[in-house]
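# Summary of the model geometry
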Amino acid sequence: MTYPTGNLDDTVHQRHRLGILTIASEASRVEFTYLCEVLQLTRGNLNRHLAVLEEAGLITLEKGYDGRRPKTWIVITREGRVALSKEITALEELVHRHRARES
Amino acid sequence: MTQNAANEASNLLDEVNVLRDRARTDRHAFRFPMLFFGGFTLATAPLYVIDFELRGRPEGTFTWPFREWIDLVWLAGLVAGAGLTVWWYRRHGHRAGIQTSPRNPTIIWSTAGAAPLVWTLLPLAGFLLWPFFIRNTFGLLAVALGLIALAWAERSRHLWIVTALYTAAAVPAVVYDMQNQYYRLFHLFGVSPQEMPYGLLQGSPVLLPALILLVGGLTVRRKTHP
């Protein structure tokens, strides 16, 4: 029997990356500026987190234009959804175990 | 150590829930399809009155060459609604920065709208499904099916409630002559069979579903963030 922390994935467990995946999982695609605003991240910081997630195959980036303005859209992949689901399950299990031990 | 991990996990889960609610609120854009299909449903009411008048005309005078012309109007409205919904969701996505895919509801609206025009080609299905198509009100059910897919995609309690009410009002209007209930209602208020506005009441079955969608669309709250 493994302890729930063993199921936490370092790529997903990081607070901001978890936030990116959570938001992306709620939509068909989400725009870069929206993530900056909601997660209160600088463009540079967000870019770094996106690069980690993209390298892990959890998101894909779509470049496009809105009129003449360039836009970057983030789309969560199937692997991203699975990883997020596993992470949430592991976190919930951790909390439940702690509460069960306390009571 | 364990307590710290549990506290951190609990905080992360709280943050995830806040972010999920915020994203869901920001991407909701179902006000437009509700108002469009509510308005369109209402606009079909006079068509049933016209159809009733035309069918009552004696042989030799003008009638529509195609009996299912109302179904064609429904199909046109459903396809237009599907196209406009795609445009609306893209526009909202560009403005809000977060986008929901309306693909499933738009496919359903477009294909289900054509069902009344093709059901007669399928002998067994035609025999089994005739109660759904005989009154030329199947468009109501096509709208309802698309709304169910939209509510699934949007995960909105408001949209689920309106969709449930709309479907509950649409199904009897598709499989039953709702005019009979309106005749009874008018009769209760003292209208005699001779005075009964039979022609006008032909459009009555679509009124309640239309009203539900319009009120549902108008009562969508604009969300604000703390």
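For clarity, every value in this text was computed on a predicted model and none was experimentally measured. (Residues numbered from 1 in each chain as written. Chains lettered and ligands numbered in written order. Predicted model: local features only at pLDDT ≥ 70, side-chain atom pairs only at ≥ 80, totals over all residues.)

## What about the interface of chain B and chain A?
The partner chain A presents 22 residues to the 22 residues of chain B that form the contact. Among the elements that take part in the side of chain B that touches chain A, helix 1 (residues 2-27) of chain B stands out by supplying 16 residues, more than any other. Among the residues making up the side of chain B that touches chain A, the classes are represented as nine nonpolar, eight polar and five charged. Strand direction decides the pairing type here: strand 1 (residues 29-31) of chain A and strand 1 (residues 98-99) of chain B, joined by two bridges, are antiparallel. Looking at the pairing, V30 of chain A lines up with I98 of chain B of strand 1 of chain B. (Contact = placed C-beta atoms within 7 Å. Helix = DSSP H or I, 4+ residues; strand = E, 2+ residues; numbered from the N terminus. Nonpolar A, V, L, I, M, F, W, Y, C, P; charged D, E, K, R; others polar. Pairing = 2+ DSSP bridges.)

## Focus: the pairing of strand 3 (residues 69-76) of chain A
Residues and elements named next belong to chain A. As paired elements, strand 1 and strand 3 share two bridges and run antiparallel to each other. For E31, the partnering residue across the bridge sits in strand 3 and is W73. By the bridge criterion, eight bridges tie strand 2 (residues 59-66) to strand 3 in an arrangement that is antiparallel. Paired with I59 across the two strands is I76, which belongs to strand 3. In textbook terms, the turn of a hairpin is the stretch between consecutive antiparallel strands, and for strand 2 and strand 3 this stretch comprises two residues, one of which, G67, has a positive phi near 70 degrees.

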